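Architecture at a glance
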Amino acid sequence: YMEEIADYLANWARYNSTDKESLYHGALKAVMENHPELYEEAMKGMLASIDENSNYFNPVETEDFFTKAVTGSVTGIGVNVSLMDGRLVVSAPIPDTPAAKAGIRAGDVLVSADGIEFGDMPMDEALSYVRGEVGTEVEVGVRRSGVEHVIYFRMTREKIIDNPVSFRVFEDGEKKAMYIRLYSFNEYASEKVREALAEADKQNITDIIIDVRDNGGGVLEEAIKIAGNFVPKDGIITIEDHKAEIFNKTYRSALKEQKYDLVMLINGNSASASEVLTAAVSENGVAKVVGEKSFGKGTVQSLVELNNGDSMKYTMAYYLTPNGNNIHKKGIEPDSVVLNEEIPYDGSAIPAFTMTQIYAEGDIGADIRTAKEILQLFGLYMGEIDEVFDANLKSAVAVFQSMSGVYSYGVLDKTTQVLLRTHLDNGTVMVDRQLEAALAAFGIEIDMSQEVNNGK
């Protein structure tokens, strides 16, 4: 009844200075004076009331945010996570990390760590349970589309340095295109993109594909720097739209030479800085956008350090596209809508299980290689393909067993061997028709279904 009482007193208390704001201030001051231990909880509530992207950090959380969320250096399992509709969605597992090797995928939703349910817990607090000391184990629960129950992954934490970029050259006859996959916008992102573009220059490649699918964003300044490689000189990259117009800021390109033709790949998990970059190159007429409508996070956060070692991250502005559009909760529509395709997988090249032995960690055998090949195809195993039953395979087998509804204990028993083969023979794989369309825009005709069946 607090609000009802505040309304009543604001109307009927005699003094003109008595209003709802003064009443709430008096109530909060009294609580803080008598219960100072509630200060942090009150501040977290204050910031959380702004929106889901605003947080209050105590000194430990402040250090964690600066050293991990911004720089890309973290001790944990190796996932980039975005807050989408109140859920902790994996944008992408970082290559060659425990998460990637265990089989966590883009689109998985983190729901627990070591039995602690995240529920409505703020993202930074939830991730603090996922992170920890190098060499310690953590069991992370995820929900995955198409799987009824929670899947559990047990991993050993490592020191993670997030390289946010990978690149590859596609060729078709004399035509070449540089494909750049951008996983996140940490402080290394623009530098790594420049390295990829330098390699393109060395090979005289001017056709560039930038893939920000499943990229939930990061540091705004990195997106602005990357856009500066493509947006013509003096072209608007983005506009900060503040409550007080005096603080509005327009970012423009200082590019000396515009030499690349560009295609952007986006999907429903492309958000924030990914959308800044996409809108910048699209509305300046230097890129075609292919894929699916982006997520629609059009806000900018600011981190303020406080005198007591605490800090607060709050939404300070919208960002507008070069044409002045606010895409918050709207997203960016691609020029060409393309959906990926599921097709039956041709598993004839993978040998059948001999069905003569049960395998556990430490064992060696040809059936182990077969299991690794199948589980790698399912995206559950990312280690070496050999005949050694290692810890990564044990984890992958346990996850597959959990997903299949049988006892999950990480042993390659005969029931599991039958299930693996059955899933392989009846299974489908996702074909990247979006990348195929991006390559076709540059005259490079590659059937991505053949890439999949060739294990690429």
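Look up a bit, the structure's there.
Residues numbered from 1 in each chain as written. Predicted model: local features only at pLDDT ≥ 70, side-chain atom pairs only at ≥ 80, totals over all residues. Heavy atoms only, no water.

1. Regarding the side chain of Ser395
Inspection of the secondary structure assignment puts Ser395 in helix 11 (residues 391-404). Apart from the residues lying within four places of it in its own chain, the contact partners of Ser395 are Ala102 and Arg154. (Helix = DSSP H or I, 4+ residues; strand = E, 2+ residues; numbered from the N terminus. Contact = heavy atoms within 4.5 Å.)

2. Some details on the packing of aromatic side chains
Across all of its chains, the model carries five aromatic pairs by this definition. Centre to centre, the rings of Phe378 and Phe400 are 6.2 Å apart; their planes meet at 20 degrees, and the pair counts as stacked. Highlighted residues: Phe378 in the loop between helix 10 (366-377) and helix 11 and Phe400 in helix 11, separated in sequence by 22 residues. As far as burial versus exposure is concerned, Phe378 and Phe400 are alike and both buried. (Phe/Tyr/Trp six-rings, centres within 6.5 Å; stacked < 30°, edge-to-face > 60°. Buried < 20%, exposed > 50% of the residue type's maximum accessible area, 1.4 Å probe, protein only.)

3. Examining the pairing of strand 7 (residues 137-143)
Across four bridges, strand 5 (residues 109-113) lies against strand 7 in antiparallel orientation. Its bridge partner being in strand 7, Ser112 is matched across the sheet by Gly141. Pairing analysis gives six bridges linking strand 7 to strand 8 (residues 151-156), with the strands arranged antiparallel. Paired with Glu137 across the strands is Thr156, a residue of strand 8. (Pairing = 2+ DSSP bridges.)

4. Quick word on the packing of helix 11 against helix 12 (residues 414-426)
The geometry of helix 11 relative to helix 12 is characterised by a closest axis approach of 11 Å and an angle of 75 degrees between their N-to-C directions. Taken together, the axes of helix 11 and helix 12 are roughly perpendicular relative to one another. Counted together, Val397, Phe400, Gln401 and Ser404 of helix 11 and Thr416, Leu419, Leu420 and His423 of helix 12 form the full contact between these two elements. (Axes fitted to C-alpha atoms, helices over the stretch in contact; angles between N-to-C directions. Parallel < 35°, antiparallel > 145°, perpendicular 65-115°, else oblique.)

5. Here's the deal with unusual backbone geometry
Positioned with a positive phi, Asn204 is a non-glycine residue whose angle comes to about 60 degrees. Residue class for Asn204 comes out exposed when judged on its relative accessible area of 69%. With a phi angle near 60 degrees, Met355 is a residue other than glycine that sits in the positive phi range. Note that Met355 resides in the loop between strand 20 (341-344) and helix 10.

6. With respect to the pattern of salt bridges
Within this structure, the stated rule accounts for 19 salt bridges. One salt bridge connects Asp425 with Arg421, and the closest N-O pair in it is separated by 3.3 Å. Residue Asp425 and its partner Arg421 are located together in helix 12, separated by four residues, close to a single helical turn. A relative accessible area of 46% means that Asp425 is categorised as partly exposed. (Salt bridge = Lys/Arg side-chain N within 4 Å of Asp/Glu carboxyl O.)

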